[in-house]
Amino acid sequence: MVQLKEKTYQATGSPRRLVHANMYASDFERSFDFYNQVLGIEETFRIAEDKVVFMSNGNTHHDLALVQVAKPGEGEESAGRVRPRQRPLQSGLNHFAFEMYNEAELVAAFHRLDGAGVGPLSLEDRIVTRSVYFHDPEGHGIEFTVDMLRNWRDYRKPGVTVDHKPYVPEEEPPKTETFINLNPEIRRVDSAPLHAKRAAHATVVAQDFPKLRKFYIEVAGLRELFMAPTGEFSVLQGKDYPGYSMVLTSASAHRQPGVHQIAFELVSPKDIEGAGERLQAKGVQVEYKIEHPKKQVVCFRDPDGVLVQAYCEAPDFVEGLQEMDPALALLLL
Ligand SMILES: [Fe+2]
């Protein structure tokens, strides 16, 4: 495992990595059971009255949030609560969150997005984190978030209440230290067939690929690691963090615009061995499984049909993309 050390550098507003996916679920308890008992991710805390559960093995306070969708006719408003927007009736993405190294990075990102005319939907201070929320040009929710306390387990545990208030960037000088635990201890749900280390990246199929690629590079601040020679897909990375956070692909007859896949890195390649049988024993149908020398993946769908990839990969996997058949590369990415 790569050991990361704290650094000091000028804020550029570039995200460090994709840190969580926040998904609307048609039955959030059923989805919780799936991610807990199949991918082996623990609950860190929940807001029971709002039907929201947060899950992680210690990589951060949540790699995944599951939010119950609204019922037809159900009012969104509840006294004293402020939410970025109303809950939908259907399952799907609420937002992807990008983690910033420190608050100065968050403020720089906020100014760049705001300056590009991408107005924020909401700015929130939740004590443990500060976040700003936007939409990308195709309507996907994106959050830029920063940890403000290192001891998040004291504040994000079963039964806690989450205090929050509006966040005002630069109300006080933004902090330049980082509160991220750079080398977290990863917990394990032994009974699960797979053992996720973290939510690692997402694949999004773009309606307008050039426009969305430009947005994520020039406005969201990701760096392009690889662009397919066919012009079909782009692999985007955060700042000073190994691996990649996002894959953008163009729409085609076989790929509908929207969130295509969410990928979870596994603790060990041993999880891939015999994964098909173990998943089947849990009633999970494997969509495909590939054991490439540089990356091993097993893909299946969550209860709402979201494609989930569980994987292990070699550190030089991306360097090998140049030589790889683009169709195989997309399946592996
Ligand atoms: Fe979030």
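Calculation criteria
Residues numbered from 1 in each chain as written. Predicted model: local features only at pLDDT ≥ 70, side-chain atom pairs only at ≥ 80, totals over all residues. Heavy atoms only, no water. Donors = N, O, S within 2.8 Å, 3.2 Å for Na, K, Ca; no water. Helix = DSSP H or I, 4+ residues; strand = E, 2+ residues; numbered from the N terminus. Buried < 20%, exposed > 50% of the residue type's maximum accessible area, 1.4 Å probe, protein only. Polar contact = N/O pair within 3.5 Å; in protein donor to acceptor, adjacent residues only side chain to side chain. Pairing = 2+ DSSP bridges. Axes fitted to C-alpha atoms, helices over the stretch in contact; angles between N-to-C directions. Contact = heavy atoms within 4.5 Å. Arc of directions from axis to C-beta. Phe/Tyr/Trp six-rings, centres within 6.5 Å; stacked < 30°, edge-to-face > 60°.

Sorry if this is basic, but what is going on with the coordination of the iron ion here?
Tetrahedral coordination by four donors sets the ideal angle at the metal to 109.5 degrees; octahedral coordination by six donors sets it to 90 or 180 degrees. At 2.0 to 2.1 Å from the iron ion lie its protein donor atoms, namely His 20 (NE2), His 95 (NE2) and Glu 143 (OE). Here the donor residues for the iron ion map to a single chain with the spacing H-x74-H-x47-E. In this pair, His 95 sits in strand E5 (residues 92–99) while Glu 143 sits in strand E8 (residues 141–147), placing the two residues 48 residues apart along the sequence. Residues His 95 and Glu 143 agree in their burial class; the two are buried.

I would appreciate a short explanation of the side chain of Gln 296 in the present structure.
With respect to the secondary-structure elements, Gln 296 resides in strand E16 (residues 295–301). Look at Gln 296 and you get buried, because its relative accessible area is 15%. Here His 292 takes part through its backbone oxygen, which lies 2.8 Å from a polar atom of the side chain of Gln 296.

Help me understand the sheet that holds strand E11 (residues 223–227) in this model?
Paired through their backbone hydrogen bonds, the strands of a sheet run either parallel or antiparallel. The mixed open sheet is built from eight strands, whose spatial order is E11-E12-E13-E10-E14-E17-E16-E15. In the strand order of this sheet, the two ends are held by E11 and strand E15 (286–291), each with one partner. Here the strands of the sheet are splayed against their neighbours by 20° on average, with no regard to which way each runs. In this structure, E15 lies alongside E16, joined through five bridges in antiparallel fashion. Bridge pairing links Glu 291 to Gln 296 in E16. Along the sheet, helix H3 (residues 209–219) makes contact with strand E10 (196–206), E11, strand E12 (233–237) and strand E13 (246–250), crossing E13 at roughly 160°.

How should I be thinking about the sheet that holds strand E4 (residues 64–68) in this particular structure?
Read across the sheet, nine strands follow the order E2-E3-E4-E1-E5-E8-E7-E6-E9 without closing on themselves; strand pairing throughout is mixed. With partners counted over all chains shown, the strands left at the sheet margins are strand E2 (43–47) and strand E9 (165–166), one partner each. Looking at chain direction, strand E1 (residues 17–25) and E4 are connected through five bridges and run parallel. Across the sheet, residue Ala 25 finds its bridge partner in E4, namely Gln 68.

In this structure, what is going on with the environment of Gly 243? I would like to understand it.
Within the secondary structure, Gly 243 is located in the loop between E12 and E13. Taking the relative accessible area as the measure of exposure, Gly 243 reaches 27% and is therefore partly exposed. Taking the C-alpha atoms as reference points, Gly 243 and Gly 117, separated by 126 residues in sequence, lie 30 Å from one another. Setting aside chain neighbours within four positions, we find Gly 243 in contact with Leu 225 and Gln 237.

Would you take a moment to explain H3 for this structure?
Because each turn of an α-helix spans 3.6 residues, side chains separated by three or four positions end up pointing in the same direction. The complete set of buried residues in H3 reads Phe 209, Leu 212, Phe 215, Tyr 216 and Val 219. End-on, the buried residues of H3 take up no more than an arc of 155°, which puts them together on one face. N-capping of H3 is provided by Asp 208, with a side-chain oxygen placed 3.2 Å from the backbone N of Lys 211.

Would you take a moment to explain the packing of aromatic side chains for this structure?
Any pair of aromatic rings gets described here by the distance separating the centres and the angle formed by the planes. This structure, assessed with the given rule, holds 10 aromatic pairs. With 5.0 Å between their ring centres and 90° between their planes, Phe 34 and Tyr 35 make a pair best called edge-to-face. The exposure classification of Phe 34 matches that of Tyr 35, with both residues buried. Look at Phe 226 and Phe 233: their rings are 6.0 Å apart centre to centre, the planes differ by 45°, and that puts the pair in the tilted class.

What should I look at first to understand the pairing of E10 in this one?
Each regular strand carries side chains that alternate between the two faces of the sheet. In terms of burial, E10 is largely enclosed, as 11 of its 11 residues are buried. As judged from the eight bridges shared by E10 and strand E14 (residues 258–266), these two strands associate in the antiparallel manner. Paired with His 201 across the bridge in E14 is Ala 263. Pairing geometry for E10 and E13, over five bridges, is parallel. Within E13, the residue paired with Val 205 across the bridge is Thr 249.

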